[in-house]
Number of protein chains: 2
Amino acid sequence: MKIHNRGLLIVISGPSGVGKGTVRKALFERADHDLIYSISMTTRAPRNGETNGVEYHFVSKEEFVRQINNGNLLEYAEFCDNYYGTPLDKVQEQLDKGNEVVLEIEVQGAMQVKEKMPDAVYVFIAPPSMKALEERLKNRGTECQELINKRLNKARSEIQMAAEYGYIVVNDTVENAADKIMAIIRAEHARTIRVLDQYQKLMEE
Amino acid sequence: MKIHNRGLLIVISGPSGVGKGTVRKALFERADHDLIYSISMTTRAPRNGETNGVEYHFVSKEEFVRQINNGNLLEYAEFCDNYYGTPLDKVQEQLDKGNEVVLEIEVQGAMQVKEKMPDAVYVFIAPPSMKALEERLKNRGTECQELINKRLNKARSEIQMAAEYGYIVVNDTVENAADKIMAIIRAEHARTIRVLDQYQKLMEE
């Protein structure tokens, strides 16, 4: 018996360098999931081989701004003169079908989403320590110490935002973090605040 | 890295006949758990082969009443002139060691526990339908229709109490219900309200 038909919106976020992309990919590589990755919308031009609706929903700047004004952006940001964001209508469509929709976004974006969808599941991916985060940023090998320091400072302030999330998942190992997120999704589907109405109706039948 | 050292108290409850005992046993038969079953205290005499501290903590009526008055009973009830209950000190001792303590108790007892330990994890085991519950009570085969009806009426009012729990787990199959409880325990350990303080301390190191 299924007492929930609607999917959950799962927001995976955390400081830059924490490895949230790796955790999200590990999650999607599992056989036992039922997750949909939310495709972002952007105003940047498609690169060779990119298909509209696959890597991104590609739209014009006018269209993006129109959708911002319509309230259809769950979150958005500007980067290198282009907009990037999450279109609400596409997310809702998947949730209505009963799919779990996963957003993997920066802390600032997650806070925008939370204002519009406070009932979503907010998971903060956290480094095991500040030292571990610094190591990770260094091991990328592509950045100078000044940039690393800048990102560490940003990470420090982003870590303060963990309080705004429903869950804190320490990325000690990627598999462990992915396991925990799967458990969180499963548990959230059983939360009384999500299922009580449907359950009581079922019992009255 | 472990950011929680204290165990969780998990209260498994639900209407009579729902199969909460079977679910709890299935949970304990798993290899991958770290759960301790809370041993009740009773004033009834030990039966042949029963050992103090194994099946029950056996105490005198005077001792039980003294512990009630001391506030050491998380919950208790009287049945056939004997007291049965859950001693708080034994539960705390296990939680302090980092063990997860599982109580499997009636709805009324669970509500007593909730007054004393609102932060515990409250799981309501629910029947897939009232019809399924009636079948289960009938299939026990030992009870007359009048008693079945009485228990069904009690179950109906107990089902109203589901709202007081954190989670509703439908006992469609025992393994499925046990899986969900394992996921709930895992997810609860990552809840921000439980780990934020420790996590922030860790980040300051």
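Residues numbered from 1 in each chain as written. Chains lettered and ligands numbered in written order. Predicted model: local features only at pLDDT ≥ 70, side-chain atom pairs only at ≥ 80, totals over all residues. Heavy atoms only, no water.

1. Some thoughts on the packing of aromatic side chains
Scanning the entire structure with this criterion turns up 16 aromatic pairs over all chains. Judged by centre distance (5.0 Å) and plane angle (15°), the ring pair of F64 of chain A and Y83 of chain A falls under stacked. Highlighted residues: F64 of chain A in helix α2 (residues 61-69) and Y83 of chain A in strand β6 (residues 82-87), separated in sequence by 19 residues. Each member of the pair, F64 of chain A as well as Y83 of chain A, is classed as buried. Put simply, the rings of Y56, F58, F79 and Y84 of chain A pair up and form one aromatic cluster. Lying across the ring of F28 of chain B, R24 of chain B places its NZ or CZ 5.7 Å from the centre. Directly above the aromatic system of Y37 of chain B lies the positively charged group of R24 of chain B, at a separation of 3.7 Å from the ring centroid. (Phe/Tyr/Trp six-rings, centres within 6.5 Å; stacked < 30°, edge-to-face > 60°. Helix = DSSP H or I, 4+ residues; strand = E, 2+ residues; numbered from the N terminus. Buried < 20%, exposed > 50% of the residue type's maximum accessible area, 1.4 Å probe, protein only. Lys NZ or Arg CZ within 6 Å of the ring centre and 35° of its normal.)

2. Focus: helix α3 (residues 88-96) of chain B
All names here are of chain B. All of the buried residues in α3 are L88, V91, Q94 and L95. Axial view of α3: buried residues confined to an arc of 130°, hence all on one face. Where α3 is buried, its residues contact β1 (9-13), β2 (35-37), β5 (73-79), β6 (82-87) and β7 (100-104). Following α3 by one or two positions, G98 adopts a phi angle in the positive range, close to 90°. (Arc of directions from axis to C-beta. Contact = heavy atoms within 4.5 Å.)

3. Overview of the sheet that holds strand β5 (residues 73-79) of chain A
Residue and element names in this part refer to chain A. Read across the open sheet, the four strands follow the order β4-β3-β6-β5; overall the sheet is mixed. The sheet is open, and its two borders are formed by β4 (57-58) and β5, each paired with just one other strand. As paired strands, strand β3 (residues 41-42) and β6 are joined by two bridges and run antiparallel to one another. Within β6, the residue paired with T42 across the bridge is Y84. The sheet strands contacting helix α3 (residues 88-96) are β4, β5 and β6, and the helix crosses β6 at an angle near 25°. (Pairing = 2+ DSSP bridges. Axes fitted to C-alpha atoms, helices over the stretch in contact; angles between N-to-C directions.)

4. Digging into the interface of chain A and chain B
Where interface size is given, it is often the accessible area lost as the parts come together that is meant. Each partner contributes to the interface: chain A provides 34 residues, whereas chain B provides 34 residues. Approximately 2800 Å² of surface area, both sides summed, lies buried where chain A meets chain B, with 64% of it carried by carbon and sulfur atoms. Linking chain A with chain B are two salt bridges. Across the pair R186 of chain B and D179 of chain A runs a salt bridge, and its minimum N-O distance is 3.8 Å. (Buried area = accessible area lost by both parts, 1.4 Å probe. Salt bridge = Lys/Arg side-chain N within 4 Å of Asp/Glu carboxyl O.)

5. Re unusual backbone geometry
All names here are of chain A. The phi dihedral of C80 falls on the positive side, at around 50°, and the residue is not glycine. Counting through the fold element by element, C80 comes out in the loop between β5 and β6. You will see that D81, though not glycine, has its phi angle at about 70°, which is positive. Along the chain, D81 falls in the loop between β5 and β6.

6. Side note on the sheet that holds strand β8 (residues 121-126) of chain A
The strand order across the open sheet formed by five strands is β2-β7-β1-β8-β9 (chain A), and the pairing between neighbours is parallel. Both edges of this open sheet fall to β2 (35-37) and β9 (167-170) of chain A, since each of them pairs with a single strand only. Across the sheet, the axes of successive neighbouring strands diverge by a mean angle of 30°, strand direction being ignored. Relative to β9 of chain A, β8 of chain A runs parallel, the two being bridged by four bridges. Directly across from V123 of chain A, in β9 of chain A, lies its bridge partner Y167 of chain A. The sheet contacts of helix α8 (residues 192-204) of chain B involve β8 and β9 of chain A, and relative to β9 of chain A the element is tilted by about 55°.

7. A short note on the relation of the copies chain A and chain B
Least-squares fitting of chain A to chain B yields an RMSD of 0.0 Å, with the superposition described by an axial translation of 0.0 Å and a rotation of 180°. Such a turn and shift between the copies fits a two-fold axis. Across chain A, the smallest distance between a C-alpha and the rotation axis is recorded for A183 of chain A, namely 2.2 Å. A high fraction, 100%, of the interface residues of chain A reappear at the interface in chain B, so the copies pair face to face through one surface. (Least-squares fit on C-alpha atoms with pLDDT ≥ 70 in both.)

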